[in-house]
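Residue-level structural notes
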Number of protein chains: 2
Amino acid sequence: MNFADRLQAAIERCGNPCLVGLDPHLDLLPPEYAAARDVTLPRAERARLLARFCREVVELAAGRVPAVKPQSAFFEVLGADGAHAWEQVVRTARQAGLLVIGDVKRGDISTTAAAYATAFLEGTSESDRDSLCDAVTLNPFLGSDSIEPFLDTCARTGTGLYILVRTSNKGSADFQRHGLPELSHLVADKVTQWGSRLVGASGWSSVGAVVGATHGHELRDFRARMPRTPLLLPGYGAQGASARDVVGAFGRTSAGAPCGALVNSSRGITFAWREKAHQGKPWKDATRDALTHMIDELSSALSATC
Amino acid sequence: MNFADRLQAAIERCGNPCLVGLDPHLDLLPPEYAAARDVTLPRAERARLLARFCREVVELAAGRVPAVKPQSAFFEVLGADGAHAWEQVVRTARQAGLLVIGDVKRGDISTTAAAYATAFLEGTSESDRDSLCDAVTLNPFLGSDSIEPFLDTCARTGTGLYILVRTSNKGSADFQRHGLPELSHLVADKVTQWGSRLVGASGWSSVGAVVGATHGHELRDFRARMPRTPLLLPGYGAQGASARDVVGAFGRTSAGAPCGALVNSSRGITFAWREKAHQGKPWKDATRDALTHMIDELSSALSATC
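Rules of the game
- Residues numbered from 1 in each chain as written.
- Chains lettered and ligands numbered in written order.
- Predicted model: local features only at pLDDT ≥ 70, side-chain atom pairs only at ≥ 80, totals over all residues.
- Helix = DSSP H or I, 4+ residues; strand = E, 2+ residues; numbered from the N terminus.
- Rg over C-alpha atoms; globule rule 2.2 N^0.38 Å.
- Buried ≥ 20, exposed ≤ 12 C-beta atoms within 10 Å, placed from the backbone.
- Expected span 1.5 Å × (residues − 1).
- Least-squares fit on C-alpha atoms with pLDDT ≥ 70 in both.
- Contact = placed C-beta atoms within 7 Å.
- pLDDT = per-residue confidence, 0-100.
- Nonpolar A, V, L, I, M, F, W, Y, C, P; charged D, E, K, R; others polar.
- Pairing = 2+ DSSP bridges.
- Axes fitted to C-alpha atoms, helices over the stretch in contact; angles between N-to-C directions.
- Right-handed = clockwise from strand over helix to strand, strands pointing away.
- Left-handed = near helix turned anticlockwise from the far one by under 90°.
- Parallel < 35°, antiparallel > 145°, perpendicular 65-115°, else oblique.

**Some points on the overall build of chain A**
Assigned secondary structure in chain A consists of 12 helices and 10 strands. Here chain A has a C-alpha radius of gyration of 18 Å; the compact-globule value for 306 residues is 19 Å, and the two agree. Along the three orthogonal principal directions, the C-alpha set of chain A runs to about 50 × 45 × 40 Å. By the burial criterion, 58% of the 306 residues in chain A qualify as buried.

**Quick word on helix α2 (residues 43–61) of chain B**
Because an α-helix packs 3.6 residues into every turn, residues spaced three or four apart end up facing the same way. Under the 1.5 Å per step criterion, the end-to-end length of α2(B) is 27 Å for 19 residues, consistent within 8% with the ideal 27 Å. Residues B:R46, B:A47, B:L49, B:L50, B:A51, B:F53, B:C54, B:V57, B:V58, B:L60 and B:A61 constitute the buried set of α2(B).

**Focus on the relation of the copies chain A and chain B**
With an RMSD of 0.0 Å, the fit of chain A onto chain B corresponds to turning through 180° and sliding 0.0 Å along the axis. Taken together, these values place the two copies in the relation of a two-fold axis. Considering only C-alpha atoms, the part of chain A nearest the rotation axis is A:G179, at 2.1 Å. A symmetric contact is evident, with 100% of the interface residues of chain A recurring at the interface of chain B.

**A closer look at the confidence of the model for chain A**
Taken residue by residue, chain A gives an average pLDDT of 96. The fraction at 70 or more is 99%. ipTM for the predicted complex: 0.98, alongside a pTM of 0.98.

**Quick look at the interface of chain A and chain B**
Tallying the contact residues gives 52 residues for chain A and 52 residues for chain B. Secondary-structure elements contributing two or more residues to the side of chain A that touches chain B are α3 (73–76), α4 (79–95), α5 (110–122), α6 (144–157), α7 (173–176) and α8 (183–195) of chain A. No other element matches the 6 residues that α5(A) contributes to the side of chain A that touches chain B. In terms of residue class, the side of chain A that touches chain B is built from 20 nonpolar, 22 polar and 10 charged.

**Focus on the sheet that holds strand β10 (residues 261–265) of chain A**
Residue and element names in this part refer to chain A. Strand order in this closed barrel of 8 strands is β1-β2-β3-β4-β5-β6-β7-β10, and the pairing throughout is parallel. Within the sheet, the average angular offset between the axes of one strand and its neighbour, ignoring direction, is 30°. Inspection of the sheet shows strand β4 (residues 135–138) paired to strand β5 (residues 160–166) by 4 bridges, in the parallel sense. Counterpart to L138 in the pairing with β5 is I163. Along the sheet, helix α2 (residues 43–61) makes contact with β1 (18–22) and β2 (67–70), crossing β1 at roughly 170°. Those strands touched by helix α9 (residues 216–225) are β5, β6 (207–211) and β7 (231–233), and its axis lies near 130° from that of β5.

**Topic: helix α1 (residues 3–14) of chain A**
Residues and elements named next belong to chain A. When the terminal C-alpha atoms of α1 are compared, their 16 Å separation across 12 residues agrees well with the 16 Å that a helix rising 1.5 Å per residue should span. For α1, every residue scored as buried is listed here: F3, A4, R6, L7, Q8 and I11. Where α1 is buried, its residues meet β3 (99–106), β4, α6, β5 and β9 (258–259).

**Observations regarding the sheet that holds strand β3 (residues 99–106) of chain B**
All names here are of chain B. Strand order in the closed barrel formed by 8 strands is β1-β2-β3-β4-β5-β6-β7-β10, with parallel pairing between adjacent strands. Ignoring strand direction, the axes of neighbouring strands in this sheet form an average angle of 30°. In this sheet, strand β10 (residues 261–265) lies alongside strand β7 (residues 231–233) in parallel orientation, the contact comprising 3 bridges. The residue bridging L232 from the neighbouring strand is L262, located in β10. Sitting on the sheet, helix α4 (residues 79–95) is in contact with β1 (18–22), β2 (67–70) and β3, with an inclination near 175° to β2.

**Points about the pairing of β2(B)**
Residues and elements named next belong to chain B. Side-chain alternation along β2 places A67 and K69 on one buried face and V68 and P70 on a second face that is also buried. Two elements, β1 and β2, share 4 bridges in a ladder whose sense is parallel. What sits directly across from G21, in β2, is K69. Assessed by its sense of winding, the connection that carries the chain from β1 through α2 to β2 is right-handed. Where β2 and β3 come together, 2 bridges link them in parallel fashion. Note on β3: the bridge partner recorded for A67 is L99.

**Observations regarding the environment of A:D289**
All names here are of chain A. Within the secondary structure, D289 is located in helix α12 (residues 283–304). Once the C-alpha coordinates of D289 and S127 are considered, the two residues, 162 residues apart in sequence, prove to be 36 Å apart. Apart from residues lying up to four places away in sequence, D289 is in contact with A272 and H278.

**Looking at unusual backbone geometry**
All names here are of chain A. Following L180, the chain continues into P181 via a peptide bond in cis, with omega recorded as -5°. When you line up the elements, P181 lands in the loop between α7 and α8. You will see that K105, though not glycine, has its phi angle at about 45°, which is positive. The topology assignment puts K105 in strand β3.

**Some thoughts on the packing of α5(A) against α6(A)**
Think of two packed helices as two axes; the pair is described by the angle between the axes and how far apart they sit. Residue and element names in this part refer to chain A. It is at 8 Å that the axes of α5 and α6 come closest, and there the two elements cross at 35°. Considering how the two elements wind past one another, α5 and α6 form a crossing that is right-handed. Residues S110, A113, A114, A117, L121 and E122 of α5 form the contact with α6, whose participating residues are D145, S146, P149, F150, T153, C154 and T157. In the contact of α5 with α6, the residues fall into 7 nonpolar, 4 polar and 2 charged.

**Details of the pairing of β10(B)**
For β10(B), a buried count of 5 out of 5 residues is recorded, marking the element as mostly surrounded by other parts of the structure. Judged by which residues are buried, β10(B) turns out to be covered on both faces: B:A261, B:V263 and B:S265 on one side and B:L262 and B:N264 on the other are all buried.

**Some thoughts on the packing of α2(B) against helix α12 (residues 283–304) of chain B**
Residue and element names in this part refer to chain B. The geometry of α2 relative to α12 is characterised by a closest axis approach of 10 Å and an angle of 40° between their N-to-C directions. Judged by the inter-axis angle, α2 sits oblique to α12. Read as a crossing pair, α2 and α12 show a hand that is right-handed. Contacts between α2 and α12 involve E56, V57, L60 and A61 on the former and, on the latter, K284, T287, R288 and L291.

Set out below in structure tokens:
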């Protein structure tokens, strides 16, 4: 089954479109994991702690949300040991029935792009299989020949892509809004085109787009411009976007269920214990409560517009 | 000493501006290393072979060229074991006195960008130091707030960046030539601006730009537009650009030596044994001869325009 169909089934099974971002920033880990910051410890030991923390978050998310999104930078910071931690976390998430969207934002050409696709979506041998992602994020700056090798891999393996179209940060305007039509619209049109060969039974393509939830007023335009493209919406929570900001990004199944988008929250969930609303709680309780709050808030915003 | 000054000193010491790209594509390794493709072997063993091959290339390049450019995708394809191989290769290259430009093309925002900068340029502890890069390639699509955390790291650690401006592939025109001024010119102007705080005693900035040597007629324009920006020119050799195509990218020191650019060749050097011109030679002889040819060809093209 292709990625888009697996994703839609998972959203319907969980009853919500929440995506938990795993951004295990060393400096923000709860006190129980403070040793991961201790530079006098062997790096492998620090990476084991990082992995253990992420696996605990994964367990809190399992069964409740359709997918998680580990951010590779926070693993790579511990080098080869961090890469090992990444594989453990991905494996744990997949075993727990979660879809894994690797937030790697790679972008390169021809055989180099193919090597990245192999690294994250296909593996070089059977034993890699459990630590592969269901989808990855990609940067489109290098153009079509940086995306095409991934499309081949996705078609072969039933995996997916989320291509950066309009990111949630302030600086995204520097280049993404350049030109007429603005660059992000041009990229959106290309995403639609690249995805046309990977549309599943659900009617959605396995080639998605990243559009910041912080650009609420633009979301309906992007939805209309990319009618079969699943959207990944960062920026909810810590970055300031609300549930109401994201409703325009969703479509509806024939049964009336929301579809076609995932709303991501990273540190608002993973590091909820640091926030005022959860002060004094053990970190796991804070994460669990923050996740419940996000699910409820999105569900009620989505049902209000049903 | 900052990156730009270390680079210029290395170019003058070696007497040439050649950059050897380490793209160890598993399928192209010489017969002696064919076991790296054997999926029945443990991945760690395959990665050891990959590392050993790259270290042999590094030894052939040491003392002859100023820098090498390992491509992370071809290491990541072997997961955490590949990441370990990357660290070994970087360490070997630095110990051999080569500057290392990590071709990672990362691009992300705020603390995520800072984590990538730590991963490749600064490390989290003293023991990481030997396997860090002197510079990395970056993708600018996310805008200023994706570059700024790297500028801070470069200022602190004397490292450098090469930002994608106009890549060597055909598809680069899809987005990089979009708009008026075209996007690549807008990025070039930003690169100049980002680099202004990192100009060294040599007069060059530690913030460089990647401009494909395949766009020969545009090179002089980019050179004029970014007068203090070191250029990294991919596309020489296998991708079709000649020594004459790249001369316009160079400046001159007061002593008349070429400066301000590196010309990259990856598989034309590393996999020279596969090319007709070197048929029948042991792979090391082919690589050594191809490197000699590139150095000679560039030196004579550059001295002809002196």
